[in-house]
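# Observations on chain architecture
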Amino acid sequence: MLQNMINHHVTLQKIEVLFNYAITLFAAVSLSFAATVEGVSYGRNQTVSNARVSN
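So, here is what we can say about the structure in this document. Small disclaimer: the values here were computed from a predicted structure and weren't measured.

Rules used in this analysis
- Residues numbered from 1 in each chain as written.
- Predicted model: local features only at pLDDT ≥ 70, side-chain atom pairs only at ≥ 80, totals over all residues.
- Heavy atoms only, no water.
- Helix = DSSP H or I, 4+ residues; strand = E, 2+ residues; numbered from the N terminus.
- Buried < 20%, exposed > 50% of the residue type's maximum accessible area, 1.4 Å probe, protein only.
- Areas by Shrake-Rupley, 256 points an atom, 1.4 Å probe, with all protein chains shown as cover.

## Digging into the overall build of the protein
In terms of regular secondary structure, the protein is built from 1 helix and 0 strands. Taking the principal axes of its C-alpha atoms as reference, the protein extends roughly 80 × 5 × 5 Å. Here the protein holds 55 residues, and 0% of them are scored as buried. Carbon and sulfur atoms form 69% of the exposed surface of the protein, whose accessible area is close to 5,200 Å².

## Structural notes on the environment of S32
In this fold, S32 is placed in helix α1 (residues 2-54). Sequence spacing of S32 and V53 is 21 residues, and the spatial spacing of their C-alpha atoms is 31 Å.

Below, the structure written as structure tokens:
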């Protein structure tokens, strides 16, 4: 009985670790994606304003 509980607890811990890892990974991907999108739109805005200035 106790052994089963211990095994069950270890399994839960493994699941928790994987879950935390997945969340962290997802957050990192979301952040880098957002940064990329922001960087691209910022670059586009810079190009547009530079073109306006030179004309």
